[in-house]
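Below are the chains, spelled out letter by letter.
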Amino acid sequence: MNVYDESGQLLTVAPDLTKGWLEVTQRLVQHHPAQEEKSHMEVMPGTTGLRHLVIDQPARDAWDEYEAVQVYHPYTSEELAEHNKPTMEQRMEAAETALLEMMLQQGGAAHV
């Protein structure tokens, strides 16, 4: 599946997913115009001029041809800042470490 940037340019290298995200979508490849029916009359065999309609090409409505693609959207500076915020678990671990260090410092000073 091809990957494009937001301006529609094909990306030739894999995008950095730590700095943006991919959207799965469709891209218009080609518009096909409507086609009128093409036909002709032929004399039916074994008759004296009785004719029937032969359809060479049936009528067809206009249609669009699409391909499945991915579009790379870079994160905004606000989104990057949100992604880089520590998780609750990381914050709890840091608080526990700081508390333990404080307790060790106080206990070590009391023994001096």
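Residues numbered from 1 in each chain as written. Predicted model: local features only at pLDDT ≥ 70, side-chain atom pairs only at ≥ 80, totals over all residues. Heavy atoms only, no water.

Chemist: What am I meant to see in the side chain of H73 here?
Modeler: Looking at the secondary structure, you find H73 in strand β5 (residues 63–74). Among the residues examined, H73 registers a relative accessible area of 14% and is labelled buried. One polar contact links H73 to E23, side chain to side chain, over a distance of 2.7 Å. Once you skip the residues sitting within four places of it in the chain, H73 turns out to touch E6, G20, W21 and E23. (Helix = DSSP H or I, 4+ residues; strand = E, 2+ residues; numbered from the N terminus. Buried < 20%, exposed > 50% of the residue type's maximum accessible area, 1.4 Å probe, protein only. Polar contact = N/O pair within 3.5 Å; in protein donor to acceptor, adjacent residues only side chain to side chain. Contact = heavy atoms within 4.5 Å.)

Chemist: Got a minute to help me understand the sheet that holds strand β2 (residues 20–32) in this structure?
Modeler: Reading across from one edge, β1-β5-β2 is the order of the 3 strands in this open sheet, with mixed pairing throughout. Taken across any chain shown, the strands that pair with only one partner, and hence form the sheet edges, are β1 (2–4) and β2. Strand-to-strand, the axes of this sheet are offset by a mean angle of 40°, without reference to chain direction. Across 3 bridges, the pairing between β1 and β5 is parallel. Within β5, the position partnered with V3 by the bridge is Q70. (Pairing = 2+ DSSP bridges. Axes fitted to C-alpha atoms, helices over the stretch in contact; angles between N-to-C directions.)

Chemist: Which parts of the structure should I look at to understand the side chain of H32?
Modeler: Locating H32 in the fold gives a position in strand β2. Using a relative accessible area of 17% as the deciding quantity, one classes H32 as buried. Of the polar contacts made by the side chain of H32, one reaches the side chain of E65; its length is 2.9 Å. If we ignore the near neighbours within four places in the chain, the residues touching H32 are A62, W63 and E65.

Chemist: What is the right way to read a nonpolar patch on the surface from this model?
Modeler: The grouping of L99, L100, M102 and M103 at the surface amounts to a nonpolar patch, some 420 Å² of accessible area in total. Among the secondary structure elements, M103 is positioned in helix α2 (residues 88–110). (Patch = residues over 30% accessible without salt bridge, like charges linked within 9 Å, V, L, I, M, F, W, Y side chains within 5 Å. Areas by Shrake-Rupley, 256 points an atom, 1.4 Å probe, with all protein chains shown as cover. Salt bridge = Lys/Arg side-chain N within 4 Å of Asp/Glu carboxyl O.)

Function-wise, these values are silent; they only describe arrangement.
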